[in-house]
Amino acid sequence: MEKPHWVKSYQLDYEHMNSTMIEYRESGVAKIFSGNFDYETVITHHLSPAIYTRTVRFLPKSWETFATMRVEMYTYGKYSPTDLGIASGELPDSQITASSYTERTPPWEGRLFFQRDLLSWCNTLSLDRQPWLEFNMSHVMLITAVAVQPRGYFLPRYVKTFQVMYYQNGQMITYKDKGKSVPRVSYTHFTLYHMHAFSTAITVGDPRCVSLHVV
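About the cut-offs
Residues numbered from 1 in each chain as written. Predicted model: local features only at pLDDT ≥ 70, side-chain atom pairs only at ≥ 80, totals over all residues. Heavy atoms only, no water. Helix = DSSP H or I, 4+ residues; strand = E, 2+ residues; numbered from the N terminus. Buried < 20%, exposed > 50% of the residue type's maximum accessible area, 1.4 Å probe, protein only. Contact = heavy atoms within 4.5 Å. Areas by Shrake-Rupley, 256 points an atom, 1.4 Å probe, with all protein chains shown as cover. Pairing = 2+ DSSP bridges. Phe/Tyr/Trp six-rings, centres within 6.5 Å; stacked < 30°, edge-to-face > 60°. Lys NZ or Arg CZ within 6 Å of the ring centre and 35° of its normal.

Q: What is the right way to read the overall build of the protein chain from this model?
A: Helices and strands together make up the secondary structure of the protein chain, namely zero helices and 15 strands. Counting only residues that meet the buried cut, the protein chain has 41% of its 215 residues in that class. Considering only residue pairs separated by 6 or more positions, the protein chain has 71% of its internal contacts joining residues 24 or more positions apart. Put simply, the protein chain shows about 12,400 Å² of open surface, and 54% of that area lies on carbon and sulfur atoms.

As structure tokens, this is what we get:
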């Protein structure tokens, strides 16, 4: 079994008006953000005050084994909070840099929910004791929150099949495809999510309840 890899605490630096990187502060004191404590959980922090900036740098201050992290940042939008395109890949790889990285863990793998082999950005521990991961948004953005996620876990842990049940006419009904209650195939590898489209739409009654049952 691999040793755990995650960042336990970190600071933020961001680009100020005169292009100088300054540390994020709350009540005049440099903010130390709590990071991760397990392989998978996403930890989100809302920034108060929010910041206007083009570049944000994450500086791990303590970590478990290696400084590994996956990141997203958020702003106000139509659906608040709205992400800034790190996880989706909208932000180009060339605009994500780091103090150091290994061949298998470049900075652009530091995207929230990055899926390939459940890797992430990771510094080269032997050479880099003050690591950082930086995102350049090209233009000034309002940033209201940040989220960090650890590297992930290499042992297979996933549901293979499940059934969907929903509430209608006073009872829980098993979703059927062409009249048959066939288990839905779910994860087959370390992917973090998988989408299934229903061939027949369902109308859920009151209470509005849909449940997934492992089979």
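Q: Mind showing me how you'd approach the pairing of strand β11 (residues 133-149) here?
A: Looking along a regular strand, one sees the side chains alternate between the two faces of the sheet. With 13 of 17 residues buried, β11 lies mostly within the body of the structure. Relative to β11, strand β6 (residues 43-64) runs antiparallel, the two sharing 11 bridges. In the strand pairing of β11, threonine 55 is matched with asparagine 136. The pairing of strand β7 (residues 68-75) with β11 spans five bridges and is classified as antiparallel. Among the inter-strand pairings, arginine 70 is bridged to a residue of β11, identified as glutamine 149. One ladder, built from three bridges, connects strand β9 (residues 96-98) with β11; its direction is antiparallel. In the strand pairing of β11, threonine 97 is matched with glutamate 134.

Q: Could you clarify how one ought to interpret the environment of threonine 97 in this entry?
A: With respect to the helices, strands and loops of the structure, threonine 97 is situated in strand β9. Counting along the chain gives 35 residues from threonine 97 to tryptophan 132, while the straight-line C-alpha distance between them is 8.5 Å. Ignoring sequence-local partners within four residues, the contact set of threonine 97 consists of Pro107, Trp132, Leu133 and Glu134.

Q: Explain unusual backbone geometry here, please?
A: Glycine aside, the phi torsion of most residues is negative, and most peptide linkages are trans. Of note, the amide linkage connecting serine 48 to proline 49 takes the cis form, showing an omega dihedral of 15°. Within the secondary structure layout, proline 49 lies in strand β6. Positive phi, normally seen in glycine, also occurs at serine 27, with a value near 55°. Structurally, serine 27 can be placed in the loop between β3 (25-26) and β4 (29-30). Residue classification places serine 27 among the exposed positions, given a relative accessible area of 78%. Look at serine 138: it is not a glycine, yet its phi comes out positive at around 80°. Take serine 138: it is sitting in strand β11.

Q: I'm lost on the packing of aromatic side chains in this one. Help?
A: The relative placement of two aromatic rings is captured by the distance of their centres and the angle of their planes. Applying the stated criterion across every chain yields a total of five aromatic pairs. Note on tyrosine 10 and phenylalanine 58: the rings are 5.7 Å apart at their centroids and 40° apart in plane angle, and the pair reads as tilted. Pair noted here: tyrosine 10 is in strand β1 (residues 6-15) and phenylalanine 58 is in strand β6, with a separation of 48 residues, a long-range link. Ring geometry for phenylalanine 58 and phenylalanine 135: centres 5.9 Å apart, planes at 85°, overall edge-to-face. Here the residue phenylalanine 58 occupies a position in strand β6, and phenylalanine 135 occupies one in strand β11, the gap between them amounting to 77 residues. The pair formed by phenylalanine 58 and phenylalanine 135 is uniform in burial state, with each residue classed as buried. Taken together, the ring pairs in this structure connect Tyr10, Tyr24, Phe33, Phe58 and Phe135 into an aromatic cluster. Above the ring of tryptophan 132, the side-chain terminus of arginine 57 is found at 4.2 Å from the ring centroid.

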